[in-house]
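Listed below, chain by chain, are the residues.
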Amino acid sequence: MPDTREITVTVNGSAYTEVVETRFSLADFLRQTLGLTGTHLGCEHGVCGACTILMDEDAVRSCLTLAVQADGASITTVEGLANEDGSLHPIQDAFRKHHGLQCGFCTPGMLISLAAFLRDTPNPDESAVRAAISGNICRCTGYQQIVDAAANINAAGRS
Ligand code: FES
Ligand code: FES
């Protein structure tokens, strides 16, 4: 019999109480138990950053976090990044304007990492943005459009 625990986690503002195996990762809990497949799994060992989510406001790798470690925590996934009225989060809007994605596989992790970074660093220069996403791998964009989006976020809504 696998070892199980009951956990209660708030995800994107909704509380969930579930019984999970203690070996279950937070990424698998979000994707398989809650059906929130916006959190992507690339490497599953902490390298690519695709699985990044906010846990109590900190950007963390959900592939390296056990679901039981999230008991009592508040989680934000990419599905919860937009505003309640459906309008985009500023970094989502900036990605749209600056073409910050191609295949989109890295995008949830990029958006979450940058949302946390920009919350603490509202007007970053390009080198600070590059440092902030140094733990997120993108195979498609060459990173420049992503950096442009984050470095020009305060101009993202202007034409
Ligand atoms: S899937 Fe978690 S860091 Fe790659
Ligand atoms: S847009 Fe394809 S991996 Fe980043």
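As shown above, the structure is provided for reference.
Bear in mind the structure is a predicted one, so any value in this text is a computation, not a measurement. (Residues numbered from 1 in each chain as written. Chains lettered and ligands numbered in written order. Predicted model: local features only at pLDDT ≥ 70, side-chain atom pairs only at ≥ 80, totals over all residues. Heavy atoms only, no water.)

1. With respect to the overall build of the protein
Rules: In this text, helices come from DSSP runs of H or I with a minimum length of four residues, and strands from runs of E with a minimum of two, each type numbered from the N-terminal end. Radius of gyration here is computed from C-alpha atoms only, and the compact-globule reference equals 2.2 Å multiplied by the residue count raised to the power 0.38. Buried residues are those whose accessible area, probed at 1.4 Å on protein chains only, stays under 20% of the maximum for their type, while exposed residues exceed 50% and partly exposed ones sit between those limits. Accessible surface is estimated by sampling points in the Shrake-Rupley manner with a 1.4 Å probe; for residues, cover comes only from the protein chains shown. A positive count includes Lys and Arg, and a negative count includes Asp and Glu. His and the chain ends are not counted in either. Each charge is placed at NZ for Lys, CZ for Arg, CG for Asp and CD for Glu.
The secondary structure content of the protein amounts to five helices and five strands. Seen in sequence order, the protein has helices and strands lined up from the N terminus as β-β-α-β-β-β-α-α-α-α. Computed over its C-alpha atoms, the radius of gyration of the protein comes to 16 Å, within 12% of the 15 Å expected for a compact globule of 159 residues. Looking at the protein as a whole, 43% of its 159 residues qualify as buried. Taken as a whole, the protein presents about 8100 Å² of accessible surface, with 47% of it coming from carbon and sulfur. Between the centroid of the 10 positive side chains of the protein and the centroid of its 18 negative side chains there is a distance of 9 Å.

2. A short note on the packing of aromatic side chains
The line we're drawing: Centres within 6.5 Å are what make two rings of Phe, Tyr or Trp a pair, Trp counting through its six-membered ring; a difference in plane orientation under 30 degrees is then read as stacked, over 60 as edge-to-face, and the rest as tilted. Ring-over charges, as used throughout, are those where CZ of Arg or NZ of Lys falls within 6 Å of the ring centre and within 35 degrees of the ring normal.
Inspection of the entire model under this criterion finds zero aromatic pairs. Above the face of the Phe105 ring, Arg139 is positioned so that its terminal group lies 5.6 Å from the ring centre.

3. A few points about unusual backbone geometry
Residues other than glycine seldom take positive phi values, yet Asn12 does so here, at roughly 50°. Along the chain, Asn12 turns up in the loop between β1 (4-11) and β2 (14-21). Under the relative-accessibility criterion, Asn12 is labelled partly exposed at 28%. Here the phi dihedral of Tyr143 falls at roughly 75°; this positive angle occurs in a residue that is not glycine. Tracing the backbone through its elements, the reader meets Tyr143 in the loop between α4 (126-132) and α5 (144-151). What makes Tyr143 partly exposed here is its relative accessible area of 26%.

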